[in-house]
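# Chains, contacts and geometry: an overview
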Amino acid sequence: MSFEILSLDQGTTSSRAILFDSDATIKEISQQELKLFYPHKGWVEQDANAIIEDTLQCAKDVASKASNIRAIGITNQRETTIVWNKDTGEPVYNAIVWQDRRTAKICEALKAKGYEQVITQKTGLVIDPYFSATKIAWILDNVEDVREKAEKGELLFGTVDCFLLWHLTEGREHATDITNASRTLLYNIHDCKWDEELLKIFDIPKNMLPEVKPNTAHFGETDKIFQGQNLPITGMAGDQQSALVGQACFDKGMVKSTYGTGCFALINTGTNIPSSHNGLVTTIAYDLGQGPKYAVEGSIFVAGAAIQWLRDNLNVFCEASESETLALSVEDSNEVIFVPAFTGLGAPYWDPGAKAAILNLSRETNKAHITRAALEAQAFQTYDLIHAMQQDTGLEIKTIRADGGLVANKFMCQTLANFVQAQIDVPEISESTALGAAYLAGLGAGLYKDEKDISDRWKLSRSYKPEIQREDAKKGLTRWHEAVGRVRTS
Ligand code: ADP
């Protein structure tokens, strides 16, 4: 019997709802751009109510064209932090977005106190403003009356998945999934529990935290908001883990890399929990109800955002897609290197103080060279992650499944294959994130059987093989590493 799954994909730059049919093909999409606010240098916020309103509106749009929705899946920008009133649902502060660096000093102080080792050992993460814990602490300490109210049990914390679930269920369910929990710096990925010692270190009351469930579970039911029906929410995962599922990377050693606002590469390590010695993080990949599988992840804060910056701040082109023709209008980047460290450097450098730079400019440099360099930067950044992953896991990475908005750019994909010296596979459905949430919801509702049922549906669209020699790739990488060395502060 044919059925539909409603996937809600709440991303950094937009909120989307996608209706998938039982063959996992897209039937309807509705999307709304989401505003980012930059109230101070390094601060990045969003209106948490707009996140709800936009996502609900998109969901209603596609649901109105549906005939047989059987389950809802949710996937979201991770780490973004919201604290809200338990009774009214009203946020006490804007959503603090994952890119926000305001807590860099808090992180430095924690490192100076020697907490890095225990935190990394328990969470698989590093102390960085990127993750939620210091963002929650900032809200507790800087918004009037909030700490007092939180201690009295009047406030709730959640990442975007959790806030959406709470609203979709009219406040009945305060729950998150294990992948989102694993990005907070408060969750012990070995014991799979909120960790008392970590809560103490960050000074966060436990009663604010949501219940943690596997990625396939009965998270709750909507309250007749879609075509008068109560629909079950049966799958939830953070965007990158959801993309891993959408790309059917279920075997140990399989890698996916997503190019949206940022770039996130994950390698499935199965039940192994390797510690990274090369600047990556260890995280929960998914739990389909049989216990967690793990992944090593490299997170880069700026990927497509560099293209957006060229478009919006420098007016180099009107549409992101024009970057491809422009890049191809020159033979090479004329040695220009673009280090897009607009919000510091993420993996494997973790340098919140680093600033973006465009280097090696000469009199003949033009906008095409700079655009080409911005696209090549995606390949260089990915090389750093893949190299570190191979070192950490001892696994050889020959193929990468790529997705996200930027893979529409064929020049970027070929450059990626060239500099990483790996095969880049782009699937038919490049909306892997939303697809992953649909698969999880389908598994949670018993509409799909198992991982194989999902793997069988993965279809290749385009494949890119390296077209330059390893030695030539090395020349570009050397220039990249010199440039990174020049922007680093630590
Ligand atoms: P997110 O889910 O993080 O909001 P998307 O996966 O929708 O992001 O990807 C959007 C990003 O991809 C934007 O930053 C945009 O600049 C970039 N982008 C989209 N299409 C292209 C293209 N053809 N060439 C280069 N960049 C692109």
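Just above, that's the structure.
Just so we're clear, the structure is a prediction, and the values are computed from it rather than from any experiment.

### Observations concerning the nonpolar core
Ranked by internal contacts, the top residues of the largest apolar core, which has 109 residues, are Leu186, Phe202, Ile204 and Val339. Looking at this core, the element that brings in the most residues is helix 12 (residues 367-393), giving twelve residues. Those residues within four positions of phenylalanine 202 in sequence are excluded, and the remaining contacts are Leu110, Ile119, Ala133, Thr134, Ala137, Leu185 and Leu186.

### Overview of the pairing of strand 17 (residues 281-287)
With seven of seven residues buried, strand 17 lies mostly within the body of the structure. Counting the residues between successive antiparallel strands, the hairpin from strand 17 to strand 18 (residues 292-300) contains four residues, one of them, glycine 289, with a positive phi of roughly 100°.

### Observations regarding the packing of helix 10 (residues 304-312) against helix 12
Two elements in contact, helix 10 and helix 12, have axes separated by 9 Å at closest approach and are oriented at 165°. Viewed along their axes, helix 10 and helix 12 adopt a mutual orientation that is roughly antiparallel. Between helix 10 and helix 12 lies a crossing of right-handed hand. Here Ala306, Ile307 and Leu310 of helix 10 come into contact with helix 12, specifically with Ile370, Thr371, Ala374, Leu375 and Gln378. Per-class residue counts for the contact of helix 10 with helix 12 are six nonpolar, two polar and no charged.

### Description of the sheet that holds strand 17
Pairing in this open sheet of seven strands is mixed, and the strands run 17-18-16-15-21-22-23 from one edge to the other. Among the strands making up the open sheet, the edge pair consists of strand 17 and strand 23 (460-464). Averaged over all neighbouring strand pairs, the angle between strand axes comes to 30°, with direction disregarded. As paired strands, strand 16 (residues 263-270) and strand 18 are joined by seven bridges and run antiparallel to one another. Along strand 18, the bridge assignment pairs leucine 266 with glutamate 297. Strand contacts of helix 12: strand 15 (255-259), strand 16, strand 18 and strand 21 (399-403), with the helix running at about 145° to strand 18, the strand carrying the most contacts.

### Regarding the layout of surface pockets
When its volume is computed, the second largest pocket comes out at roughly 450 Å³. Looking at side-chain class alone, the lining of the second largest pocket contains six nonpolar, six polar and nine charged residues.

### Overview of empty space enclosed by the protein
What the rule picks out here adds up to one cavity of 30 Å³ or more. Here the largest cavity is characterised by a volume of approximately 100 Å³. Every residue lining the largest cavity is counted, 14 residues in all, and those nearest its centre are Ile300, Leu345, Gly346, Ala347 and Gln381. Split by residue class, the lining of the largest cavity holds ten nonpolar, three polar and one charged.

### Topic: the environment of alanine 285
You can see alanine 285 is positioned in strand 17. Accessibility expressed as a relative area gives 0% for alanine 285, which makes it buried. Residues alanine 285 and isoleucine 267 lie 18 residues apart in sequence; the distance between their C-alpha atoms is 8.7 Å. Excluding anything up to four places from it in sequence, alanine 285 contacts Thr179, Gln241, Leu244, Lys293, Tyr294 and Ala295.

Cut-offs used in this document
- Residues numbered from 1 in each chain as written.
- Predicted model: local features only at pLDDT ≥ 70, side-chain atom pairs only at ≥ 80, totals over all residues.
- Heavy atoms only, no water.
- Core = buried A, V, L, I, M, F, W, Y, C linked by side-chain atoms within 4.5 Å.
- Buried < 20%, exposed > 50% of the residue type's maximum accessible area, 1.4 Å probe, protein only.
- Helix = DSSP H or I, 4+ residues; strand = E, 2+ residues; numbered from the N terminus.
- Contact = heavy atoms within 4.5 Å.
- Pairing = 2+ DSSP bridges.
- Axes fitted to C-alpha atoms, helices over the stretch in contact; angles between N-to-C directions.
- Parallel < 35°, antiparallel > 145°, perpendicular 65-115°, else oblique.
- Left-handed = near helix turned anticlockwise from the far one by under 90°.
- Nonpolar A, V, L, I, M, F, W, Y, C, P; charged D, E, K, R; others polar.
- 1 Å grid on protein atoms, 1.4 Å probe; cavity = no way out; pocket = protein on both sides within 12 Å on 5 of 7 lines; lining within 4 Å.
- Points joined across faces, edges and corners; volume = space filled by probe spheres on them.

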